[in-house]
Amino acid sequence: MTKKLRVLVQVSCLFIAMITSKSYALESSVQLHKVDQDKSYGLSLSIGDEFFNQKAFNWQVSYNRLENVAISDLDETSDAWEQADFDFAMQMVDFTLGYRYYPKSYNKLMKSLMFEFQLGASVNLSDHKLVFRPDFDRDDIYFANQGDINPVLSLSLQKSFTKNSAVHVGFKHYPNFSDFGSISTVFIGYNYRFGRQVGY
């Protein structure tokens, strides 16, 4: 756990340095997610900025909450647990770096589009476990621990309406979120940029 916290502190310091450095514009966004499970859905709030005033490269920090997330392959542990239909509310903070591609075209629609790929790390904010009765001689089973760090990636398409506002749709994927396994979502969101912009 100490090693995980040390890595988390290092990553946090890097992003804090980015946030507190000279910035021309900050981009905020809100996203609604549909998880690849029947009852599961979620919400994300994020803030980000460009690297070195280059609009093709950016960083982002986002808070994510997913509701009713089930554990994949739980039947391999216990058929009874699989049938019990356990699910959890998950909270995580994602730290990502992104590359944005802006099509070059004289077409007005194409010029308003942007494609983005993001890759980063997701930090779990809470424990997710099964707690047994005191009279049951078995330790609690943890499926994810607070401070767990897992990979995350996303692909999205953005449509700008003004220099400051846009909507986007996309796909986010956690390839192996602790013992929950693979978690994927599709999302729709809204972006708004604050401050003076360069190169737009």
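Quick look at the structure, then. Being a predicted model, the structure only gives us computed values, none of them experimental. (Residues numbered from 1 in each chain as written. Predicted model: local features only at pLDDT ≥ 70, side-chain atom pairs only at ≥ 80, totals over all residues. Heavy atoms only, no water.)

## Details of the packing of aromatic side chains
In total, this model carries five aromatic pairs according to the counting rule given. Cation over ring: lysine 55 sits above tyrosine 102, and NZ or CZ is 4.5 Å from the ring centre. One cation-aromatic arrangement involves lysine 159 over phenylalanine 161; the distance from NZ or CZ to the ring centre is 4.5 Å. (Phe/Tyr/Trp six-rings, centres within 6.5 Å; stacked < 30°, edge-to-face > 60°. Lys NZ or Arg CZ within 6 Å of the ring centre and 35° of its normal.)

## Let's talk about unusual backbone geometry
Look at asparagine 68: it is not a glycine, yet its phi comes out positive at around 60 degrees. Mapped onto the fold, asparagine 68 is located in strand β3 (residues 54-69). Of the residues examined, asparagine 68 reaches a relative accessible area of 26% and is grouped as partly exposed. Not every positive phi belongs to a glycine, and serine 178 is a case in point at roughly 50 degrees. Counting through the fold element by element, serine 178 comes out in the loop between β9 (165-177) and β10 (181-195). Classification of serine 178 as buried rests on a relative accessible area of 16%. (Helix = DSSP H or I, 4+ residues; strand = E, 2+ residues; numbered from the N terminus. Buried < 20%, exposed > 50% of the residue type's maximum accessible area, 1.4 Å probe, protein only.)

## Brief notes about empty space enclosed by the protein
Under the defined criterion, the tally for this structure stands at five cavities of 30 Å³ or more. Here the largest cavity is characterised by a volume of approximately 150 Å³. Lining the largest cavity are 15 residues, with Gln31, Gln60, Glu116, Ser156 and His168 sitting closest to its centre. Elements supplying a minimum of two residues to the lining of the largest cavity: β1 (25-35), β5 (113-124), β8 (149-160), β9 and β10. (1 Å grid on protein atoms, 1.4 Å probe; cavity = no way out; pocket = protein on both sides within 12 Å on 5 of 7 lines; lining within 4 Å. Points joined across faces, edges and corners; volume = space filled by probe spheres on them.)

## Focus on the pattern of salt bridges
Evaluated as defined, the whole model comprises six salt bridges. Residue arginine 193 pairs with glutamate 50 through a salt bridge whose shortest N-O separation is 3.3 Å. Here arginine 193 is found in strand β10, whereas its partner glutamate 50 is found in strand β2 (residues 41-51), with 143 residues between them in sequence. Accessibility classification places arginine 193 together with glutamate 50 in one group, the buried group. Arginine 65 serves as the salt-bridge partner of glutamate 67, at 2.5 Å between the closest nitrogen and oxygen. (Salt bridge = Lys/Arg side-chain N within 4 Å of Asp/Glu carboxyl O.)

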